[in-house]
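Inside the fold
Each chain, letter by letter, is given below.
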Amino acid sequence: LTTLLLTGYHETYMQKTSMARTQRNKATAHHLGLLKARLAKLRRELITPKGGSGGAAGEGFDVAKTGDARIGFVGFPSVGKSTLLSNLAGVYSEVAAYEFTTLTTVPGVIRYKGAKIQLLDLPGIIEGAKDGKGRGRQVIAVARTCNLILIVLDVLKPLGHKKLIEHELEGFGIRLNKQPPNIGFKKKDKGGINFTATCAQTELDAETVKSILAEYKIHNADITLRSDSTADDLIDVVEGNRVYIPCIYVLNKIDQISIEELDIIYKVPHCVPISAHHRWNFDDLLERMWDYLKLVRIYTKPKGQLPDYTSPVVLHDERTSVEDFCLKIHKNLIKELKYALVWGSSVKHNPQKVGKDHVMEDEDVIQLVKK
């Protein structure tokens, strides 16, 4: 196993050096694309454990998903993740002034605007986590299942840490604050590579696309580029295991900087400055978390009673139809549904009789009528 890993590391290193040596211009784009594809393949082989029993799972890492959403706190050791979590959720994660205090995932739950949100304090990420060093591999596997990632940074050394963590997460197929590339990809049995671009491309041409696909042993496929795409975008689509997660950069320890510096930080996109120790600016952080999670609350109304505003059914804003609502409660409910009565901003008059395809909005009230 060690020999296999070493060979993998060596190959990855060789590909990286080869990429670093190559000058970037139109003529070398083809060669760089090929190297990137090889690197992505090697990286995948390094992180996915080879078959067999797979040995013991990382202790304390497989946390059951509870609540309506899951938020992972990622950051270097001792930037204040555990302090932030214990002050937000009242959970005690071992806090100390030395590095690597938290060694397993510590879950906590907060209730915000009626939604139950699970917070995970993921152990400190080390450089090289994506290459299987330390506990990094298991940490990032849990990070992939989160609905939102909070990267906690020390306000005194933010940029270096930010770049390193982003690089580690990118290596694991986690794309932060990005949309999936607008590329159509469909494998076929015969007919070769059919390449179409609906707009001008600066980096990819038919030749580069073919060589990247050949690296994956794909010789028959339809590829449609609907936006100006890069080799990395194409590799992401072919690999097919990328997750796109919104991310907030939490700059902790603002009690150690001046007001002028704080004003500058506030202008940085996706950033929230806080002080976990003094509990400063937590309202802003919670509000921002709510916006990024894109959750929708639906209140229930039993027949002849007032709506229950205390415990809403929480749905994601991409799945808010009456059918999604029924499935969230119980999978058999949709079979018994005759129609629903809805009050709120998604209907023209209150109440309105709607079918299972009606899409609801935040804070609508619903009453189900069974057959």
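Residues numbered from 1 in each chain as written. Predicted model: local features only at pLDDT ≥ 70, side-chain atom pairs only at ≥ 80, totals over all residues. Heavy atoms only, no water.

**Concerning the nonpolar core**
Counting residues in each nonpolar core, the largest one holds 53 residues, and the members touching the most others are Ile-71, Phe-73, Leu-84, Leu-119, Ile-149, Ile-151 and Met-289. If you tally residues by element for this core, the top one is helix α9 (residues 282-293), at seven residues. Within the second largest apolar cluster, 18 residues are counted, among which are Ala-37, Leu-204, Ile-212 and Ala-231. (Core = buried A, V, L, I, M, F, W, Y, C linked by side-chain atoms within 4.5 Å. Buried < 20%, exposed > 50% of the residue type's maximum accessible area, 1.4 Å probe, protein only. Helix = DSSP H or I, 4+ residues; strand = E, 2+ residues; numbered from the N terminus.)

**Remarks on the pairing of strand β3 (residues 115-121)**
Across the seven residues that make up β3, a large majority, six, are buried. Across five bridges, strand β1 (residues 69-75) lies against β3 in parallel orientation. When the bridges of β3 are listed, Ala-69 appears paired with Ile-117. (Pairing = 2+ DSSP bridges.)

**Overview of the packing of aromatic side chains**
All chains considered together, the criterion is met by two aromatic pairs. Consider the rings of Tyr-112 and Trp-290, whose centres lie 6.1 Å apart with planes at 70 degrees: the pair is edge-to-face. Linking Tyr-112 in strand β2 (residues 106-112) with Trp-290 in helix α9, this pair joins segments that are 178 residues apart in sequence. Assessed through its relative accessible area of 18%, Tyr-112 is described here as buried. Exposure remark for Trp-290: the relative accessible area of 7% places this residue in the buried category. Geometrically, the ring pair formed by Tyr-299 and Tyr-309 is edge-to-face, given 4.9 Å between the ring centres and 75 degrees between the ring planes. Separated by ten residues along the polypeptide, Tyr-299 in strand β12 (residues 295-300) and Tyr-309 in strand β13 (residues 308-316) bring together distant segments of the chain. Classification of Tyr-299 by relative accessible area gives buried; the value is 7%. In this structure Tyr-309 comes out as exposed when scored by relative accessible area, which is 53%. The ring of Tyr-249 carries the charged tip of Lys-162 above its face, separated from the ring centre by 4.7 Å. Stacked on the ring of Tyr-339, the Lys or Arg Lys-353 has its end atom at 4.4 Å from the ring centre. (Phe/Tyr/Trp six-rings, centres within 6.5 Å; stacked < 30°, edge-to-face > 60°. Lys NZ or Arg CZ within 6 Å of the ring centre and 35° of its normal.)

**Points about the sheet that holds strand β15 (residues 352-354)**
In space, the five strands of this open sheet follow the order β13-β12-β16-β14-β15, with mixed pairing throughout. Edge positions in the open sheet fall to β13 and β15, since each of these has one partner strand only. Averaged over all pairs of adjacent strands, the angle between strand axes in this sheet comes to 40 degrees, irrespective of strand direction. Two elements, strand β14 (residues 337-343) and strand β16 (residues 364-370), share six bridges in a ladder whose sense is antiparallel. Counterpart to Leu-341 in the pairing with β16 is Gln-367. Against the sheet, helix α10 (residues 322-329) touches β12, β13, β14, β15 and β16, its axis set at about 110 degrees to β13. (Axes fitted to C-alpha atoms, helices over the stretch in contact; angles between N-to-C directions. Contact = heavy atoms within 4.5 Å.)

**Digging into the pattern of salt bridges**
A side chain with one charge may pair with a side chain of the opposite charge, provided their charged atoms come close. Using the criterion set out here, one finds 15 salt bridges in the structure. With a shortest N-O distance of 3.0 Å, Lys-188 and Asp-222 are connected by a salt bridge. Here Lys-188 is found in the loop between β6 (183-187) and β7 (193-197), whereas its partner Asp-222 is found in strand β8 (residues 221-225), with 34 residues between them in sequence. Of the residues examined, Lys-188 reaches a relative accessible area of 27% and is grouped as partly exposed. By relative accessible area, which is 25% here, Asp-222 ends up partly exposed. (Salt bridge = Lys/Arg side-chain N within 4 Å of Asp/Glu carboxyl O.)

**Examining unusual backbone geometry**
With an omega of -15 degrees, the peptide bond between Asn-350 and Pro-351 qualifies as cis. If you trace the backbone, Pro-351 turns up in the loop between β14 and β15. For Lys-217, which is not glycine, the phi dihedral falls at a positive 60 degrees. Relative to the helices and strands, Lys-217 resides in the loop between α6 (206-215) and β8. Judged by its relative accessible area of 68%, Lys-217 falls in the exposed class.

**Brief notes about the packing of helix α3 (residues 81-89) against α9**
Here α3 crosses α9 at 85 degrees, and the two axes come no closer than 12 Å. Classed by the angle they form, the pair α3 and α9 counts as roughly perpendicular. Here Leu-84, Asn-87 and Leu-88 of α3 come into contact with α9, specifically with Phe-282, Leu-285 and Leu-286. Broken down by class, the residue content of the contact of α3 with α9 amounts to five nonpolar, one polar and no charged. (Parallel < 35°, antiparallel > 145°, perpendicular 65-115°, else oblique. Nonpolar A, V, L, I, M, F, W, Y, C, P; charged D, E, K, R; others polar.)

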